[in-house]
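# What the coordinates show
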Amino acid sequence: MKFIMKTTRSQFALAPAITLTAALTITLTILFSSYADASTVALDEVIAIVNDEAITRSEYQTRYKRQQLETNQGIEQIPEQINGEILELLIDERIQTQAAQASGISISRAEIESAMANIAAQNNFSHEQLITELENQGISEIQFLRSITEQRLIQRLVDISVNSRVTVSEQEIDYYLQAHKERYMPDQTYEISHLYVSTSGKSEAEIESESKNVNHVYQGLLQGQSFSNAVKDFSDGENKEDGGYMGWRKERQLPELFLTALRQTPVGGITEIMKSVNGFHIIKLHAKEGDLKIVTQQLVRHILVQPQRSNLTDQEAIDMLNDVSNKIRKGGDFEAFARLISDDTATAPQGGSLGWISPGDMPPMFEQATLNLPLNQLSDPMQSRFGYHLIEVLGRREKDISRDIARNSAQRELFRRKAAERYQNWFGRLREGAYIEYVSSN
């Protein structure tokens, strides 16, 4: 073996100065005290040292195999020659694992076993089959469990040190969508008519008078008056004789002022009054086509009782909600009861309102209960994994959520970029403070 110094140790050390054998023993004891046996620590070839902690060939082989399994590459023979990329990955992980341990981060046995089960399922193995395949490669279950634990420690450390400190503003999302219209924005077209009242060249008093006239027209339209006749009687637009009909227009052909209003307007409806520098506008939406994602949204409110929080039995929680339900049916205020007794701290201050929810926003059992419930009718107390609920659906609507999907996608991309940059800076400082030796000549 030959020793090559890769980096030097700074004044800040992630791990105490201990012997290599002691480092292995202590690390295994901390991570796997419930799994350890007499064969845990064995002689092994040291291939690198990170802050006085050895990385052995068997650990490298375990990490190599985990890489294959997690990328669904199957079980293949591990080459004798050390793969430089895998070794660097293992070194980086060891630096972060040491930092996680120094920060007091821990992973439960249940989390480790769950991760092990997921890896087995991803590769169509039973637990026993996975262990057998690993053992055929000379990798013990204890080694593989340690590798998984290190991965979970690192993820929790990164969540705390990096991800939790990344924010993406609504303005950033707006700018990003504007710069990537072709990729993110739905290609929609709208069939519209336009009522326009000009204010160009008019005094403030005249503009105020026109505003009152437009409001009067708007109220008439809401009551069912003909949009086409209103345009002919009041509009200053060039196409007033055609009832303001503009035909089909793509999004890129319309100003953002119109688009913002149209996206909130149901087919057959009219927008709110819009004020531009040139006048007042009202648009009627006849139809729309394109890359739409129409879902049924529900306006839902609930009262949640969690028996364990109030030292109640399940039956006592049900009886409490039945009593509240009877009082509400007799004229009691749902919102007042929600503020008073609901254990959902996020919605109780809002009278139990969950707002407009889309399919998939709620647990399946809860969502199915809302779908089966007539409007403005209280449910019987129902159980979910959160506790017992009293539910009421106040409204249902068809909503195009394609823009919501685009915004969510943009938010994820922006978060990924910002988190990656923050991670590089954070880990760069972490690695600079580490002591690394490459030991093996292979």
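In case you missed it, the structure is sitting above this.
Note that residues are indexed from 1 along each chain, following the sequence as it is written. In view of the model being predicted, local features appear only for residues whose pLDDT reaches at least 70, and side-chain atom pairs are presented and counted only at 80 or more, with totals across whole chains, interfaces and linings using the full set of residues. The side-chain values count all of the structure's non-hydrogen atoms but skip hydrogen atoms and water molecules.

Every helix listed is a DSSP run of H or I at least four residues long, and every strand listed is a run of E at least two residues long, numbered separately from the N terminus. What the chain contains, in helices and strands, is 16 helices and twelve strands. Counting every position in the chain, which comprises 442 residues, the buried fraction comes to 45%. For the chain, the share of sequence-separated contacts (at least 6 apart) that also reach a separation of at least 24 residues comes to 73%. Classification of residues uses two cut-offs on accessible area relative to the type maximum, computed with a 1.4 Å probe and protein chains only: under 20% is buried, over 50% is exposed, and between them is partly exposed. In what follows, a contact means two residues having at least one pair of non-hydrogen atoms within 4.5 Å.

What follows concerns the sheet that holds strand E8 (residues 294-305). Strands are labelled as partners when DSSP assigns at least two bridges between them. Strand order across the open sheet formed by four strands is E9-E8-E11-E10, with antiparallel pairing between neighbours. In the strand order of this sheet, the two ends are held by strand E9 (353-357) and strand E10 (382-384), each with one partner. Averaged over all pairs of adjacent strands, the angle between strand axes in this sheet comes to 40°, irrespective of strand direction. Bridge count between E8 and E9: four bridges; the pairing is antiparallel. With axes taken as lines fitted to C-alpha atoms, and helix axes fitted only over the stretch in contact, angles between N-to-C directions fall between 0 and 180 degrees.

In this section: the packing of helix H7 (residues 170-179) against helix H16 (residues 402-432). Axis separation between H7 and H16 bottoms out at 9 Å; the angle between their running directions is 105°. As far as their axial angle goes, H16 and H7 are roughly perpendicular. Contacts from Glu 170, Glu 172, Ile 173, Asp 174, Tyr 176 and Leu 177 of H7 reach H16 at Ala 406, Arg 407, Ala 410, Gln 411, Glu 413, Leu 414, Arg 417 and Lys 418. For the contact of H7 with H16, the class distribution of residues is six nonpolar, one polar and seven charged. Orientation labels follow simple angle bins: below 35 degrees gives roughly parallel, above 145 gives roughly antiparallel, 65 to 115 gives roughly perpendicular, and whatever is left gives oblique. Only Asp, Glu, Lys and Arg are considered charged in this grouping, and only Ala, Val, Leu, Ile, Met, Phe, Trp, Tyr, Cys and Pro are considered nonpolar; every other residue, Gly among them, is considered polar.

Turning next to the pairing of strand E11 (residues 387-400). A regular strand places its side chains so that they alternate between the two faces of the sheet. Within E11, ten of the 14 residues are buried, which leaves the element mostly enclosed by the surrounding structure. Where E8 meets E11, twelve bridges bridge the pair, whose relative direction is antiparallel. Across the sheet, residue Ile 294 finds its bridge partner in E11, namely Asp 400. Counted along the chain from E10 to the antiparallel partner E11, the turn is two residues long.

Quick look at H7 now. Within H7 the residues assigned to the buried category are Ile 173, Tyr 176 and Leu 177. All buried residues of H7 lie within an arc of 95° about the axis, which places them on one face of the element. Structural note: H7 exposes Tyr 175 and Ala 179 on the side pointing more than 90 degrees away from its buried face. For H7, the elements touching its buried residues are helix H8 (181-184) and H16. Think of it as the arc spanned by the lines of direction from the helix axis to the C-beta atoms.

Moving on, we come to the sheet that holds strand E6 (residues 274-275). Taken in spatial order, the four strands of this open sheet run E5-E4-E7-E6, and their pairing is antiparallel. Looking at the sheet topology across the chains shown, the edges are occupied by strand E5 (245-250) and E6. As judged from the two bridges shared by E6 and strand E7 (residues 279-290), these two strands associate in the antiparallel manner. The partner of Lys 275 across the bridge, within E7, is Phe 280. Sheet contacts for helix H9 (residues 204-222): strand E4 (188-198) and E7; angle to E7, the most-contacted strand, approximately 35°. In the packing of helix H10 (residues 227-234) onto the sheet, the strands contacted are E4 and E7, and the crossing angle to E4 comes to about 35°.

Turning our attention to the environment of Lys 202. Its place among the elements puts Lys 202 in the loop between E4 and H9. Taking relative accessible area as the criterion, Lys 202 reaches 28% and is therefore assigned partly exposed. Taking the C-alpha atoms as reference points, Lys 202 and Gly 279, separated by 77 residues in sequence, lie 10.0 Å from one another. For the purposes of these results, a polar contact is taken to be a pair of N or O atoms within 3.5 Å, where, inside protein, one atom must be able to donate a hydrogen and its partner to accept one; residues adjacent in sequence count only when each atom of the pair is a side-chain atom. Here the side chain of Lys 202 touches Ser 198 through a polar contact of 2.9 Å, landing on its backbone oxygen.

Moving on to the packing of aromatic side chains. Planes of paired rings set the category: under 30 degrees apart is stacked, over 60 is edge-to-face and the rest tilted, where pairs are Phe, Tyr or Trp rings (Trp by its six-membered ring) whose centres lie within 6.5 Å. A full pass over the atoms with the stated rule returns three aromatic pairs. Residues Tyr 60 and Tyr 64 carry aromatic rings whose centres are separated by 6.1 Å and whose planes lie at 55° to one another, so their mutual orientation is tilted. Pair noted here: Tyr 60 and Tyr 64 are both in helix H2 (residues 57-70), with a separation of four residues, about one helical turn. Accessibility expressed as a relative area gives 1% for Tyr 60, which makes it buried. Both rings, one in Tyr 423 and one in Phe 427, keep their centres 5.8 Å apart while their planes meet at 5°; by these two values the pair is stacked. Of the two residues, Tyr 423 and Phe 427 are both situated in helix H16; the distance of four residues between them amounts to about one turn of the helix. With a relative accessible area of 21%, Tyr 423 lands in the partly exposed category.

Geometrically, a packed helix pair is captured by the angle between its two axes and the distance between the axes. Closest axis-to-axis distance for the helix H4 (residues 109-122)/helix H6 (residues 141-161) pair is 10 Å, and the angle between their directions is 110°. By the angle between their axes, H4 is roughly perpendicular relative to H6. In this structure, H4 contributes Glu 111, Ile 112, Ala 115, Met 116 and Ile 119 to the contact, and H6 contributes Glu 141, Phe 144, Leu 145, Ile 148, Thr 149, Arg 152 and Arg 156. The residue makeup of the contact of H4 with H6, split by class, is seven nonpolar, one polar and four charged.

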